[in-house]
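Architecture and fold: a report
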Amino acid sequence: MEGPKPVTPHLLICEENVVPPLKCMRKAIRNKKDWVTFYKSAGNQPLDLPPQVPHAYECPLRAADLYVHHNQTKNTFQMWIWSGDKWVDAWVDDCHPVLSRYHLRLLDNGDPSWVTRKTIITDKGRAKKRALVMNN
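Report on the accompanying structure. The shown structure was predicted, so the numbers you read here are calculated from the model rather than taken from an experiment.

Glancing now at the nonpolar core. Generally speaking, nonpolar side chains in soluble globular proteins are found buried as a group. Core analysis: the biggest nonpolar cluster contains 15 residues, and Leu66, Met79, Ile81, Leu104 and Trp114 have the highest contact counts within it. Breaking this core down by element, the ones donating at least two residues are strand S3 (35–43), strand S4 (66–71), strand S5 (76–82) and strand S7 (102–106). Dropping the residues within four chain positions of it, Leu104 is found in contact with Leu66, Met79, Ala90, Trp91, Val92, Asp93, Asp94, Pro112, Ser113 and Trp114. By size, the runner-up hydrophobic cluster in this structure holds 11 residues, among which are Tyr39, Tyr57, Tyr67 and Trp87.

Written as structure tokens, this is what we have:
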């Protein structure tokens, strides 16, 4: 099964499905006392940028917070990371700004995750094995 497809942002402004305040979602980072904090939106078109106004978010934005937008028409995803004063493009495999051994990953359900390089390599190996089994 093919996972989510990251895309290049900055195509159109389309916030029809972004209704403030956006829900703050948190998931633990494995083997850490830290969390991945993220916001999600979905719509029929890509976004230029996530909303820039603080009241658009359920919780105050903190450095390393993530924003994921799902373009449902093309089944593609865009990601941004909060730098402390603005949203900047984020890409699969980007390093965490503080936890340098952790890299950004986009799960099949569209949730972002911070994982170690070892986890990425292990998961790729498992995916290869599954593909071999399915093709034989």
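With respect to the helices and strands, His103 occurs in strand S7. Side-chain polar atoms of His103 contact the backbone oxygen of Asp93, separated by 3.1 Å.

Attention shifts here to the layout of surface pockets. Approximately 300 Å³ is the volume attributed to the second largest pocket. Along the lines of polarity and charge, the residues of the lining of the second largest pocket split into eight nonpolar, four polar and five charged.

The tally for this structure, following the rule as stated, stands at six aromatic pairs. Measuring from centroid to centroid gives 6.5 Å for Tyr57 and Tyr67, while their planes differ by 85 degrees, and the two rings are edge-to-face. Here Tyr57 is found in the loop between S3 and S4, whereas its partner Tyr67 is found in strand S4, with 10 residues between them in sequence. Take Tyr57 and Tyr67: they sit in the same class, and that class is buried. Measuring from centroid to centroid gives 5.8 Å for Tyr67 and Trp87, while their planes differ by 65 degrees, and the two rings are edge-to-face. Residue Tyr67 is found in strand S4, and its partner Trp87 is found in strand S6 (residues 87–90); the two are separated by 20 residues along the sequence. We note that Tyr67, like Trp87, is buried. In textbook terms, an aromatic cluster arises when at least three aromatic residues are bridged by ring pairs, as seen for Tyr39, Tyr57, Tyr67, Trp80, Trp82 and Trp87.

The next point concerns the pairing of S5. With seven of its seven residues buried, S5 lies for the most part within the structure. Across the two faces of S5 the burial is the same, with Thr76, Gln78, Trp80 and Trp82 and Phe77, Met79 and Ile81 all buried. The sheet contact formed by S4 and S5 spans six bridges and is antiparallel. Bridge pairing in S5 places His70 opposite Phe77. With antiparallel pairing between neighbouring strands as the criterion, S4 and S5 make up a hairpin whose turn holds four residues, including Asn75 at a positive phi of roughly 50 degrees. As defined by bridge partners, S5 adjoins S6 across four bridges and the pair is classed as antiparallel. Across the sheet, Trp82 pairs through a bridge with Trp87, a residue of S6.

A few words now on unusual backbone geometry. The residue Ala64 is not glycine, and still its phi comes out positive at about 85 degrees. Along the polypeptide, Ala64 turns up in the loop between S3 and S4.

About the criteria used
Residues numbered from 1 in each chain as written. Predicted model: local features only at pLDDT ≥ 70, side-chain atom pairs only at ≥ 80, totals over all residues. Heavy atoms only, no water. Core = buried A, V, L, I, M, F, W, Y, C linked by side-chain atoms within 4.5 Å. Buried < 20%, exposed > 50% of the residue type's maximum accessible area, 1.4 Å probe, protein only. Helix = DSSP H or I, 4+ residues; strand = E, 2+ residues; numbered from the N terminus. Contact = heavy atoms within 4.5 Å. Polar contact = N/O pair within 3.5 Å; in protein donor to acceptor, adjacent residues only side chain to side chain. 1 Å grid on protein atoms, 1.4 Å probe; cavity = no way out; pocket = protein on both sides within 12 Å on 5 of 7 lines; lining within 4 Å. Points joined across faces, edges and corners; volume = space filled by probe spheres on them. Nonpolar A, V, L, I, M, F, W, Y, C, P; charged D, E, K, R; others polar. Phe/Tyr/Trp six-rings, centres within 6.5 Å; stacked < 30°, edge-to-face > 60°. Pairing = 2+ DSSP bridges.

By themselves, these are just geometric observations and shouldn't be taken as functional.
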